[in-house]
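Each chain is listed here by its residues.
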Amino acid sequence: MDPKAKELFKNASQKNNVSRVKKILEENRYLVDQRDVEYRTVLHRACQNHDLELINYLVQNHHKLIDAKDTGGWTCFHFFIDGFKSNVQKIPREVYNFVQSQCTVEVKHRGRGKATAGSHHNANEVFGSQVQAADNQGMTPLMHMCRIFKKAEGASEEEGEPQQEDDESGSDDSDDEGDEAKANTKMYRHEDILELLVANYKKKIFDHNVLGETAIAIAQRRGEAALLALMKFVVKHELDSEMSEIRRLSLPRAKQEEKKEGEQWVKRGQCGCSIS
């Protein structure tokens, strides 16, 4: 790899280096097309690092990177979700809001996010078409979230929101200001990101990867905490009835055919069994 490209990727992998990355690209515009050994771009690096400032700069100025995939078929949003594996319970509000905005992009706009020359892109919506995208192994961002899921310590309490006695001398205005301040400083957890994805996927949470696994199977393999969290949101978003129907219809076709054929043989008296 070009030494300057190495410097670019190094800076893109570290937060708060937007000015340095911008300077390198302005002096060497050809570097924006550089890929690492896994065919990843600087935008992939920024997404995995949750560097929102750098993501916004690259989306606005180098929009052709938006739809780039690595050798495994990972999109930018795959990398953004994978970045949560190093951040369990201190997910900043702006990062949560970023994921939320991608998950709430109007369905009619999904699949139309192809980068075109001279087009203007909003970083808060530009990856909406990738939220349900599958990589080369059929793994969606939801499946990857189940794969890396980890329950935060002390998850039963809202972080930074201890219970306190009401101050009778306080005014309603001060209470409102306090609530707003708490909301702005709240840290989110894996559970919060998982719910955003479940709400977006709806019935598609029952899709399979190339190994025949659903997100539920992946969560189960990850552990009890992941499975319980996923199922909580399945029930909350009223998808449990869908799951029962899918289970009924998921009886292997071979077994269905075998059962049907066996019944026909019994009726014909060709299986050695007594006919009632």
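As the structure is a prediction and not an experimental result, all values here were calculated from the model.

Take the state of the cysteines next. On inspection of all chains with the given rule, the structure shows zero disulfides. Cysteine 47 carries a free sulfur, and the closest cysteine sulfur to it, the one in cysteine 76, is 4.4 Å from it.

Our focus in this paragraph is the side chain of aspartate 51. Structurally, the position occupied by aspartate 51 is in the loop between helix H3 (42-48) and helix H4 (52-61). Here aspartate 51 is buried and forms no salt bridge, its nearest opposite-charge partner lysine 15 lying at an N-O distance of 6.6 Å. The residues touching aspartate 51, leaving out its near neighbours within four places in the chain, are Gln14, Lys15, Asn16, Val18 and Ala46.

Before going further, it helps to examine the confidence of the model for the protein chain. Averaged over all residues, the pLDDT of the protein chain is 79; the fraction at 70 or higher stands at 70%. Scored below 50 in pLDDT, residues 157-169 makes nine contacts in the model with residues more than four places away or belonging to other chains.

Note on soluble globular proteins: their nonpolar side chains tend to be buried together. Core analysis: the largest hydrophobic core is formed by 65 residues, its most contacted members being Phe84, Phe127, Leu194 and Leu197. Other than its neighbours up to four places away in sequence, leucine 197 contacts Phe77, Ile81, Cys103, Val131, Pro141, Leu142 and Met145.

Turning to its location among the elements, cysteine 47 is positioned in helix H3. When the C-alpha positions of cysteine 47 and glycine 83 are compared, they lie 7.5 Å apart, and in sequence the two are 36 residues distant. With residues up to four places along the chain from it excluded, the contact list for cysteine 47 reads Ile55, Cys76, Phe79, Phe80 and Phe127.

Tallied over the full model, the rule gives 10 salt bridges. Ionic pairing is found between aspartate 36 and arginine 45, a salt bridge with its closest N-O pair at 3.1 Å. A relative accessible area of 12% places aspartate 36 in the buried class. Note that lysine 236 is salt-bridged to glutamate 195, the shortest N-O span being 2.7 Å. In this pair, lysine 236 is assigned in helix H11 (residues 224-236) and glutamate 195 in helix H9 (residues 190-201), connecting sequence segments 41 residues apart. Accessibility expressed as a relative area gives 53% for lysine 236, which makes it exposed. Here glutamate 195 falls in the buried class, since its relative accessible area comes to 18%. Three or more residues joined by partner-sharing salt bridges are found here, namely Asp82, Lys85 and Arg147.

What follows is about the packing of aromatic side chains. Per the counting criterion, the structure on display carries five aromatic pairs. Arranged with centres 6.0 Å apart and planes meeting at 75°, the rings of phenylalanine 80 and phenylalanine 84 form a pair that is edge-to-face. Side by side, phenylalanine 80 and phenylalanine 84 carry an identical accessibility label, which is buried. An aromatic cluster is defined as three or more aromatic residues linked by ring pairs; in this entry it consists of Phe80, Phe84, Phe98 and Phe127. For arginine 35, the ring lying beneath its charged end belongs to tyrosine 39, and the centroid distance is 4.0 Å.

Calculation criteria
Residues numbered from 1 in each chain as written. Predicted model: local features only at pLDDT ≥ 70, side-chain atom pairs only at ≥ 80, totals over all residues. Heavy atoms only, no water. Disulfide = S-S within 2.5 Å. Helix = DSSP H or I, 4+ residues; strand = E, 2+ residues; numbered from the N terminus. Buried < 20%, exposed > 50% of the residue type's maximum accessible area, 1.4 Å probe, protein only. Lys, Arg positive; Asp, Glu negative; His and termini not counted. Salt bridge = Lys/Arg side-chain N within 4 Å of Asp/Glu carboxyl O. Contact = heavy atoms within 4.5 Å. pLDDT = per-residue confidence, 0-100. Core = buried A, V, L, I, M, F, W, Y, C linked by side-chain atoms within 4.5 Å. Phe/Tyr/Trp six-rings, centres within 6.5 Å; stacked < 30°, edge-to-face > 60°. Lys NZ or Arg CZ within 6 Å of the ring centre and 35° of its normal.

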